[in-house]
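Residue-level structural notes
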Amino acid sequence: GLVKEGKVQLFLNAADHEHMKAAFVGALESNGMEYDNVTDMNGVQAFKDKMKTDEPSKNVTLFSYDDYFTAVATTDILCNVADVLACKPSELAFYPIPKLMIRRVGDHEAYSALRASELGDGTLELREVPEVIRYAKLFMSTNLMEVMCKSIEDNNKIGIYDGCKNAMRMALERAEQM
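Residues numbered from 1 in each chain as written. Predicted model: local features only at pLDDT ≥ 70, side-chain atom pairs only at ≥ 80, totals over all residues. Heavy atoms only, no water.

**Overview of the packing of helix α5 (residues 129-141) against helix α6 (residues 144-157)**
Two packed helices can be described by the angle between their axes and the distance between those axes. At a minimum axis separation of 6 Å, α5 and α6 run at an interaxial angle of 80 degrees. Of the possible angle classes, the one that applies to α5 and α6 is roughly perpendicular. Taking contact as the criterion, the partners of Y135, L138 and F139 in α5 are, on α6, L144, M145 and M148. Residues belonging to the contact of α5 with α6 are distributed by class as follows: six nonpolar, no polar and no charged. (Axes fitted to C-alpha atoms, helices over the stretch in contact; angles between N-to-C directions. Helix = DSSP H or I, 4+ residues; strand = E, 2+ residues; numbered from the N terminus. Parallel < 35°, antiparallel > 145°, perpendicular 65-115°, else oblique. Contact = heavy atoms within 4.5 Å. Nonpolar A, V, L, I, M, F, W, Y, C, P; charged D, E, K, R; others polar.)

**A word on the confidence of the model for the protein chain**
For the protein chain, mean pLDDT is 93; residues scoring 70 or higher make up 100% of the total. The spread of mean pLDDT over the elements of the protein chain runs between strand β4 (residues 85-87), the lowest at 90, and α6, the highest at 97. (pLDDT = per-residue confidence, 0-100.)

**Digging into a negative patch on the surface**
Together, E18, D40, D66 and D67 give the surface a local cluster of negative charge. Position of E18 relative to the elements: it lies in helix α1 (residues 18-30). You can call E18 exposed: its relative accessible area is 54%. (Patch = residues over 30% accessible without salt bridge, like charges linked within 9 Å, V, L, I, M, F, W, Y side chains within 5 Å. Areas by Shrake-Rupley, 256 points an atom, 1.4 Å probe, with all protein chains shown as cover. Salt bridge = Lys/Arg side-chain N within 4 Å of Asp/Glu carboxyl O. Lys, Arg positive; Asp, Glu negative; His and termini not counted. Charge placed at Lys NZ, Arg CZ, Asp CG, Glu CD. Buried < 20%, exposed > 50% of the residue type's maximum accessible area, 1.4 Å probe, protein only.)

Put into structure tokens, the structure is as follows:
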């Protein structure tokens with residue numbers, strides 16, 4: 001497929017979930033896929049730094065950890081060097097990166113995918129593998145990624161992604177009033 005042909009590179013974040021790491025490793029090995037495994041924060045930083053000027057040594061890189069902080073921080077760090085984030089429609093739906101929204105875990109997540117689609121920086125929820133593959137091909141054969149990136153630029157200009165900044169500003173203003 002696209003990964004074996006070198007057309008797509010995957011960064012798989014199993015985080016601190018051993019069962020996800022086992023599932024990823026099983027799928028990769030059963031499909032004869034070579035992969036690198038990053039297991040700590042130093043490795044994540046080194047990978048990000050390398051990606052700024054170079055390509056990964058293998059088409060698949062697995063990120064798996066024993067600690068929660070590194071697991072969560074990995075997505076934040078890698079968004080700077082990734083082209084598209086494929087994720088369930090959780091809080092990640094609000095990241096300023098083109099998003100391929102895969103099957104949700106909870107019903108409450110449906111609205112996150114809908115919002116990303118409305119903003120133009122993500123797809124609607126793609127519940128089946130053939131849909132995900134179709135969109136991966138669209139990213140490569142059309143200007144879909146360019147359109148999403150333009151939406152991100154436009155959204156940023158009007159403050160769509162400023163939620164944390166605004167929350168901090170309001171908290172500091174309240175603290176000053178006390």
